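Read off the chains here:
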Amino acid sequence: MNGAKRFTVALRLINSHSSKHMTRIQPLCSQVTQYTPHLCYSFTNQPHTYDCIYTHQKLLFTSKPNSTIEVVLHNDWSEDLEHELEKSCPMLTHETVIYLLRRLDKDPGKSWNFFNWVCDKKGFKATSSVYSLMLRILLHKDSMKQFWITIRKMSEQGFHIDKETYLTLLGIFKKEKMASDAVALTHFYNRMLQDKATDVIVKNAVDIVTGSNWDENAEIKLGELQLNLSDNLVLRILKELRRYPTKALSFFNWVGRNPNYERSTVTYNAVARVLGQNDSIKEFWTMMKEMKSKGHEMDIDTYIKISRHFQKYKMIEDAVELYELMMDGPYKPSVQDCTILLKNISSSSNPNLDLVFRVTKKYEEMGNPLSKAIYDGIHRSLTRSGKFDEAEEVMEAMRREGYEPDNITYSQLIFGLCNAKRLEDACELLDEMEVKGCIPDIKTWTILIQGHCEKNEVDKAFSLFAKMIEKRCDPDADLLDILINGFLSLKRVKGAYTFLVEIVNKARIRPWQATYKSVILKLLEERSLEEAMELLRSMKRQNYPPFPEPFVTYISKFGSKEDAKEFLKALTVNEYPSSSAYLHLFRSFIEEGRHLEAKDLLYESPHHIRKETNICKLFG
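Within any chain, residue numbers begin from 1 and follow the written order of that chain's sequence. Residues qualify for local features only when their pLDDT is at least 70, as the model is predicted, and side-chain atom pairs are given and counted only at 80 or more; totals for whole chains, interfaces and linings, by contrast, use all residues. Think of the side-chain values as coming from all heavy atoms in the structure, minus any hydrogens and water.

**Section: helix α16 (residues 300–312)**
Step number 1: In this description a helix means any DSSP run of H or I spanning at least four residues, a strand means any run of E spanning at least two, and both kinds are numbered starting from the N terminus. A helix is expected to span 1.5 Å multiplied by its residue count minus one. Spanning 13 residues, α16 covers 18 Å between terminal C-alpha atoms, matching the ideal 18 Å at 1.5 Å per step.
Step number 2: Contacts are assigned to residue pairs with any non-hydrogen atoms lying within 4.5 Å of each other. On its buried side, α16 packs onto α4 (94–103), α6 (128–138), α14 (265–275), α15 (281–293), α17 (316–327) and α18 (335–345).
Step number 3: Among the residues of α16, the N-terminal cap falls to Asp299, whose side-chain oxygen and the backbone nitrogen of Asp301 are separated by 3.0 Å.
Step number 4: Lys314, located one to two residues past α16, shows a positive phi value of around 60°. Throughout this description, a polar contact denotes any pair of N or O atoms lying within 3.5 Å of each other; where both atoms belong to protein, one of them has to be capable of donating a hydrogen while the other can accept it, and for residues adjacent in sequence the pair is counted only when both atoms sit in side chains.

Have a look at this one:
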């Protein structure tokens, strides 16, 4: 069955989807025994009725993470809650703790209470990955005390902050303008790197693994190091080997043959992160099978990182397969993870509808009702694929479920129509939106106008822009950039300049720096120096950094001494430009063989510029 036909089957399921979904809530204390079945589904005549065949099952002595998280989420932390968790959670695995912390990541206080409870009262041994997750959760102005306590505990237990986590935390500190905390974190990280004892051991092991092809000699050399293998040490070595996935796998297999050390869920997750890339994707899936056979599960933090990597590098089929694998396990991805995956599937010019079907089917099989975001994810792929009839069916299904199509839904449809060169239909849809009470927002207008510009219908695009203004919808820098590029694509450079100047002066919009640069370059190509200079002054008024390069090149070839003086004046607000700006211009004049113009400009330059050492050397 091809993608389109399979999707029609899925649509029938969607259309019959209603409040039939019922969530079965069992007492938390009765969920100690958990089955992780692999299910084979066959559709019967009744929608959403499945014949379930248990191909095999595995008994786990743990709690169901979803049930536990619901209890923790909906209750204040208290002794009563701890007692309930004690009864219902006789053992918490690494994967379960990661899963619960991920679900609690918007509540630093409750995350902190849970982390302390599971470590202090349940005897859970936190790993470096758990500590790294806790640090990301606690990096909030209201929980900085707990953040630094966690770093101290981490250090006391011999764990290190890896470079990736350090850079993530540092970036958040800088974004939140927490300068003193950023300095303290950097101080701690640098001090940690000076821990020569462990660092030397890790470095020696990594040098052996990466020094040559893996062979018996490499194994002998590693044996001579007499490594005191621990999860922490293995994790650190694997992180250093992340650019060498196949060698990391060889090291991991060597570790597995050591009779005095047993690889854990933590180390299996670590090697999965290393292998989850294009060059080692075959080894990654082999490792997934090995993990399952050994009774280990991928934790949700590892899943999110690998899935994001797959999606970033367009390994979408692997991302979908991994999503299905996780949904069949106990640590299921969130609704947001599903919607992000659907969005990335739809990002290609011709989305794979079979992948959309697989993701949606797996999501529904778990008893999840389709949310507005999921409907939009399905709808987006259909409209991008030109399946407008099926997209209309999805919109009808949305309405029956109580979700009225909004600007997101209509914008997707308008984008698809424009992409299919059905511009008139896209314009009519805009009117239809208003009739149905959905007022187009700036994003909807932008998509419609961009669709016209990309099809070289620039005049129609400007008519739509005028209509948008009449509707009292204010333009923004994104839309301005699209309209300017529409002008430039038709080589209407002066029109682009006039429009840009007028929109800045009248609408008080701050254009993107890239918009200014595009028009300046085109103006200089047409030798319109005066207009380009006016845009340079406008950039200065908008507090953008100067854009001297094209002006220096142009003036040194075609400009006069007066042009050079005006340019230098335009670079700054109240004082002279830097000596380097003068030096750059002087050199450019000389390289073009215009020594006389360079000397004339030098004589009219400020005294401190004429006496500057490098400039004096340039003129002898």
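**Section: the nonpolar core**
Step number 1: Formed by 114 residues in total, the largest nonpolar core has its most connected members in Phe114, Phe147, Ile161, Leu238, Phe251, Phe284 and Met298.
Step number 2: Residue contacts for Phe284: discarding those within four places in its chain leaves Ala272, Leu275, Gly276, Met298, Ile306, Phe310 and Leu322.
Step number 3: Counting residues in each nonpolar core, the second largest holds 73 residues, with Cys418, Leu448, Cys453 and Phe586 among its members. In these notes, a set of buried Ala, Val, Leu, Ile, Met, Phe, Trp, Tyr and Cys residues joined through side-chain atoms within 4.5 Å is what counts as a nonpolar core. Classification of residues uses two cut-offs on accessible area relative to the type maximum, computed with a 1.4 Å probe and protein chains only: under 20% is buried, over 50% is exposed, and between them is partly exposed.

**Concerning the confidence of the model for the chain**
Step number 1: Values of pLDDT, the confidence the predictor places in each residue, fall between 0 and 100. Looking at the chain, pLDDT values average 86 and 88% of them are 70 or higher.
Step number 2: Residue range residues 3–10 is modelled with pLDDT below 50. Its contacts to residues more than four positions away, or to other chains, number 14 contacts.
Step number 3: Confidence drops under pLDDT 50 across residues 13–63; counting only partners more than four residues distant or on other chains, this segment forms 98 contacts.

**Overview of the packing of aromatic side chains**
The way to describe two aromatic rings as a pair is by their centre distance and the angle between their planes.
Step number 1: Pairing of aromatic side chains requires ring centres within 6.5 Å, counting the rings of Phe and Tyr and the six-membered ring of Trp. Pairs whose planes differ by under 30 degrees are stacked, by over 60 edge-to-face, and all others tilted. Going through the model one piece at a time under the given rule, you end up with 23 aromatic pairs.
Step number 2: When the ring of Phe114 is compared with that of Trp117, the centres are 6.0 Å apart and the planes differ by 40°; the resulting orientation is tilted. Taken together, the residues span about one helical turn, with Phe114 and Trp117 both in helix α5 (residues 108–120) at a distance of three residues. Summarising the burial analysis for this pair, Phe114 and Trp117 share the class buried.

**Side note on the environment of Arg610**
Step number 1: Note on placement: Arg610 falls in helix α34 (residues 607–610).
Step number 2: Considering only alpha carbons, one finds Arg610 and Ser579, 31 residues apart in sequence, at a separation of 9.3 Å.
Step number 3: What Arg610 contacts, discounting residues up to four positions off in sequence, is Leu602, Tyr603, Ser605 and Cys616.
Step number 4: A distance of 2.6 Å separates a polar side-chain atom of Arg610 from the backbone oxygen of Ser605.

**Details of the pattern of salt bridges**
Pairs can form between side chains of opposite charge once their charged atoms are near each other.
Step number 1: Any Lys or Arg side-chain nitrogen found within 4 Å of a carboxyl oxygen on Asp or Glu counts as a salt bridge. Overall, the coordinates contain 36 salt bridges when judged by the stated rule.
Step number 2: For Asp301, the salt bridge goes to Lys305, with nearest N and O atoms at 3.4 Å. One end of the pair is Asp301 and the other is Lys305, both in helix α16 and four residues apart, which spans about a single turn.
Step number 3: Classification of Asp301 by relative accessible area gives buried; the value is 1%.
Step number 4: Between Lys565 and Glu604 there is a salt bridge, with its nearest N and O atoms 2.7 Å apart. In this pair, Lys565 is assigned in helix α31 (residues 561–571) and Glu604 in the loop between α33 (595–603) and α34, connecting sequence segments 39 residues apart.
Step number 5: For Lys565, a relative accessible area of 32% gives the class partly exposed.
Step number 6: In this structure Glu604 comes out as partly exposed when scored by relative accessible area, which is 41%.

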